[in-house]
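Commentary on secondary and tertiary structure
The residues making up each chain are set out below.
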Amino acid sequence: MTRRSGVFVTLDGPSGVGKSTTLAELDRLLRNDGRTVHSTTEPSTSALGEFTRKSADSLSGRALACLVAANRYEHIDRDLRPLLGTGFTVVCDRYLASSLVLQQLDGVPEQFLLDLNADILLPDLAVILTAEPVAIGARLAERGKRHRFHDDPRAPPVRSSSIPRPHRP
Ligand SMILES: Nc1ncnc2c1ncn2[C@@H]1O[C@H](COP(=O)(O)OP(=O)(O)O)[C@@H](O)[C@H]1O
Ligand SMILES: Cc1cn([C@H]2C[C@H](O)[C@@H](COP(=O)(O)OP(=O)(O)O)O2)c(=O)[nH]c1=O
């Protein structure tokens, strides 16, 4: 495996918690600090990523889990690994924790998700953003619903202690 010289940071948390706002601010601060930064998102902006994003309402369960994972491996091979190899700081809006939470809400067993993600690139820092559910609800009401996971009544406030840590190979 190629040794990476960059730093990989991921941001996860419920819709409306402030992931894209935080990512934009982090990007600005890191650039001001003189770092070469690549800000990205999952699903990614590739054709497969766009297809995954579009399919997240019509597909569910293992099928969506596999599609999200396929896009993740594509993202790693095409963008994340090469950029990290040349010293970029990469910041990603949604990553593994989103799969572990959202796909489990869809009924996918945790072990299936851990197996599916067993060979992904693990972040150096995985940040889980949280906020009061009432505040998030008000923001989402203002913004309007963008996908079915927005108002899933079973969605718990995400706590970092509830995110299983996959074994680092
Ligand atoms: N720390 C914060 N305090 C108050 N409002 C915030 C904060 N971060 C983001 N917001 C607002 O919440 C809304 C959702 O933020 P956004 O970054 O789009 O969330 P996400 O990417 O997690 O869905 C936006 O209107 C944004 O301006
Ligand atoms: C990264 C990821 C995304 N998704 C889905 C959930 C959403 O339908 C979509 C991401 O939507 P997005 O608009 O990025 O979320 P937010 O509302 O927080 O801004 O992709 C998963 O189901 N699993 C995942 O691991």
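Residues numbered from 1 in each chain as written. Chains lettered and ligands numbered in written order. Predicted model: local features only at pLDDT ≥ 70, side-chain atom pairs only at ≥ 80, totals over all residues. Heavy atoms only, no water.

**Looking at the sheet that holds strand β2 (residues 37-41)**
Note: strands within a sheet are paired through backbone hydrogen bonds, in either parallel or antiparallel orientation. Strands sit in the order β2-β3-β1-β4 across an open sheet of 4 strands; the sheet is parallel. At either margin of the open sheet sits one strand with a lone partner, and together these are β2 and β4 (125-128). Sheet twist, expressed as the average angle between the axes of neighbouring strands with direction ignored, equals 15°. With 4 bridges joining them, strand β1 (residues 7-12) and β4 adopt parallel strand pairing. Within β4, the residue paired with D12 across the bridge is I128. On top of the sheet, helix α1 (residues 19-32) reaches β1, β2 and β3 (89-93); it is set at about 170° to β3, its chief contact. (Pairing = 2+ DSSP bridges. Helix = DSSP H or I, 4+ residues; strand = E, 2+ residues; numbered from the N terminus. Axes fitted to C-alpha atoms, helices over the stretch in contact; angles between N-to-C directions. Contact = heavy atoms within 4.5 Å.)

**As for the nonpolar core**
Judged by nonpolar contacts, the single largest core of 19 residues is most densely connected at F8, L80 and Y95. Listed by contribution, the elements that provide at least two residues to this core are α3 (61-85), β3, α4 (96-105) and α5 (110-116). Ranked by the residues each element gives to this core, the list is headed by α3, at 6 residues. For Y95, the residues in contact, after removing those within four places along its chain, are F8, T10, D12, E42, R72, I76, L80, I120, L121 and P123. Counting 6 residues, the second largest nonpolar core, distinct from the first, contains A56, V68, L105 and F149. (Core = buried A, V, L, I, M, F, W, Y, C linked by side-chain atoms within 4.5 Å. Buried < 20%, exposed > 50% of the residue type's maximum accessible area, 1.4 Å probe, protein only.)

Note that all results are geometric; they support no functional claim without further evidence.
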